[in-house]
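Okay, here's what each chain looks like letter by letter:
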Amino acid sequence: MAQYTLTTPLTSEDTRQLKAGDTVLLNGTIFTARDAAHKRLVELLEKGEELPFDIEGSVIYFVGPTPPKPGDPIGSAGPTTSYRMDSYSPTMLRYGSKGMIGKGKRNQVVKDACKEYDGIYFGATGGAGALLGKKITSAEVIAYPELGPEAVRKITVKDFPVTVINDTYGNDLYQMGREQFEVKD
Amino acid sequence: MREIEFDEVVKAVRDIIVHCGTDLPQDTYDALKEAMETEKSPVSKEVIRQILENADIAKDEKRPLCQDTGLAVFFVKVGDEVKIKGGLLKDAINKGTEQGYTDAYLRASTCEPFSRANLKDTVGYNLPAIIHFDIVAGDKIDIEYAAKGGGSENVSRARVFPPAAGKEGIVNYVKEVISDAGGNPCPPITVGVGIGGTFEKACISSKHALFRDIGSVNEDPEMAELETTILEEINKLGIGAMGMGGTKTALAVHIESNPCHIASLPVSVNVQCHSSRHTHITI
């Protein structure tokens, strides 16, 4: 399992080198969106309208942060459970997004979309909101402020630690890891 | 009759919410530390290391441990010789909850079930709290509190078995629930199992079982043995920290058992993530 440092936006060249189980330190700009925001973003794409950010090579972080303390760019910001975005992610990948950060397993349609569009599903440590929030150096709400924690934010990350769960070759770390450590009677 | 001021309850509740949001309880911290030492998967080991580092940062810098600051859940034992002066106990707990979530910059996670609208502007901040009351003898109020996150709550399940299912049926059911959950509830988890009673009694018992300190032993030796058996079976699943594969999927299994109807064997499984924010105070 290899370690990489990557800067967004990601290209197919970036994502194709990654394999399930690799660890990556992400740098650059990423965008936050979870349930309600995804519904709106995918509706825009399907109507052929512009998104509030450039989707090409983008990495989307499934997160609903806590309110920032005075002087901080963002509050605690760990990943939320990703399967709730399963019905939206294939569309996002089809329109050019290259990465997603969340926690928990994805369905086969998302895994197939990762293969087809050179997308990566990264896992971050759930519940490590204080640690991950500190890797975010700036944050700005760029759409849907009325959604509160679910608003779309443009954030800058520095050495944000993630692990490759689903790669562009159809591998799944959750399955691989479990098979390795399962004890069968 | 002992009189307790409404505002005294508000302040006590506010304080435990602020404290729990940023400071992982010692029982959980110790259990995670031990899990990091015994975990055989390097990937899972690194995840648990990050979880512990996160707890240290949260405590030192007073930051929320997790962005999912949960719904506020209370088990409250009210002495029959206590009177709240200046309002209802329920209102005092809700007011303390609102203040705690606001003062500690915790996230407002309560919403209307269908519109999904956040209720902050209508009935308050992360309200209403989930409160289970019990009346006991005495002149004190005993409050158990936990912040319950959505990821782990979403994988919880309940089922009523025929009595013939017995212990084997329960062990297999809990294993099935945790196996299906995989990494979603943020393992290493604690598993609360409510056995017996009625359908809803089993569910409430499984939640209450999560409030017990990790490392405590069930007073009933038969239940203590069943807890050990289920824990071993869960850890054979190989799910590991955050589902990345490993030997430590659960830190503990806690059972609460109740007498039940001759026709029924209700069982509820309630899951708690590694960020087990819970505490206990007496007023």
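Residues numbered from 1 in each chain as written. Chains lettered and ligands numbered in written order. Predicted model: local features only at pLDDT ≥ 70, side-chain atom pairs only at ≥ 80, totals over all residues. Heavy atoms only, no water.

In the nomenclature of an unreviewed UniProt entry, chain B is known as Fumarate hydratase of Sulfurovum lithotrophicum. Per UniProt, chain B carries the Sequence similarities (unreviewed entry) text "Belongs to the class-I fumarase family." (UniProt positions renumbered as here; feature names shortened; annotations may be inferred.)

Under an unreviewed UniProt entry, chain A has the name Fumarate hydratase and belongs to Sulfurovum lithotrophicum. Listed under Sequence similarities (unreviewed entry) in UniProt, the entry text for chain A is "Belongs to the class-I fumarase family."

Okay, the packing of helix H6 (residues 166–181) of chain B against helix H8 (residues 221–235) of chain B next. Packed helices, taken two at a time, are described by their axes: the angle between them and the distance between them. Residue and element names in this part refer to chain B. Contact pair H6 / H8: the axes reach a minimum separation of 10 Å and the direction vectors enclose 40°. Between H6 and H8, the crossing angle belongs to the class labelled oblique. For the crossing formed where H6 meets H8, the hand is right-handed. Here H6 contributes Lys 167, Ile 170, Val 171, Val 174, Lys 175 and Ile 178 to the contact with H8, which in turn contributes Glu 222, Leu 226, Ile 230, Glu 233 and Ile 234. (Axes fitted to C-alpha atoms, helices over the stretch in contact; angles between N-to-C directions. Helix = DSSP H or I, 4+ residues; strand = E, 2+ residues; numbered from the N terminus. Parallel < 35°, antiparallel > 145°, perpendicular 65-115°, else oblique. Left-handed = near helix turned anticlockwise from the far one by under 90°. Contact = heavy atoms within 4.5 Å.)

The next subject is the interface of chain A and chain B. A common measure of how large an interface is: the accessible area buried when the components associate. Of the residues lining the interface, 43 residues belong to chain A; the matching set on chain B comes to 43 residues. When chain A packs against chain B, the two sides together hide about 3400 Å² of surface, and 55% of this comes from carbon and sulfur. Taken together, chain A and chain B are joined by two salt bridges. Arg63(B) is the partner of Asp72(A) in a salt bridge, and the nearest nitrogen-oxygen pair spans 3.3 Å. If you look at where chain A meets chain B, you find 21 residue pairs in polar contact (both at pLDDT 80 or more). Elements with a minimum of two residues in the side of chain A that touches chain B: helix H5 (129–133), strand E7 (152–166) and helix H6 (173–181) of chain A. (Buried area = accessible area lost by both parts, 1.4 Å probe. Salt bridge = Lys/Arg side-chain N within 4 Å of Asp/Glu carboxyl O. Polar contact = N/O pair within 3.5 Å; in protein donor to acceptor, adjacent residues only side chain to side chain.)

Moving on to the sheet that holds strand E9 (residues 265–272) of chain B. Residues and elements named next belong to chain B. Strand order in this open sheet of four strands is E6-E9-E7-E8, and the pairing throughout is mixed. In this open sheet, the two edge strands, each paired with only one partner strand, are strand E6 (157–161) and strand E8 (250–260). Each adjacent strand pair in this sheet contributes to an overall mean axis angle of 15°, direction not counted. Pairing analysis gives eight bridges linking strand E7 (residues 189–197) to E8, with the strands arranged parallel. Across the sheet, the residue bridging to Val 191 is Val 253, located in E8. The strands touched by H6 within the sheet are E6, E7 and E9, with E9 carrying the most contacts at an inclination of about 35°. (Pairing = 2+ DSSP bridges.)

Residue and element names in this part refer to chain A. Inspection of the secondary structure puts Thr 168 in the loop between E7 and H6. Looking at Thr 168, the relative accessible area reads 7%, which means it is buried. Residues within four places of Thr 168 in sequence aside, it is in contact with Thr 15, Arg 16, Cys 114, Lys 115, Asp 118, Gly 119 and Ile 120. (Buried < 20%, exposed > 50% of the residue type's maximum accessible area, 1.4 Å probe, protein only.)

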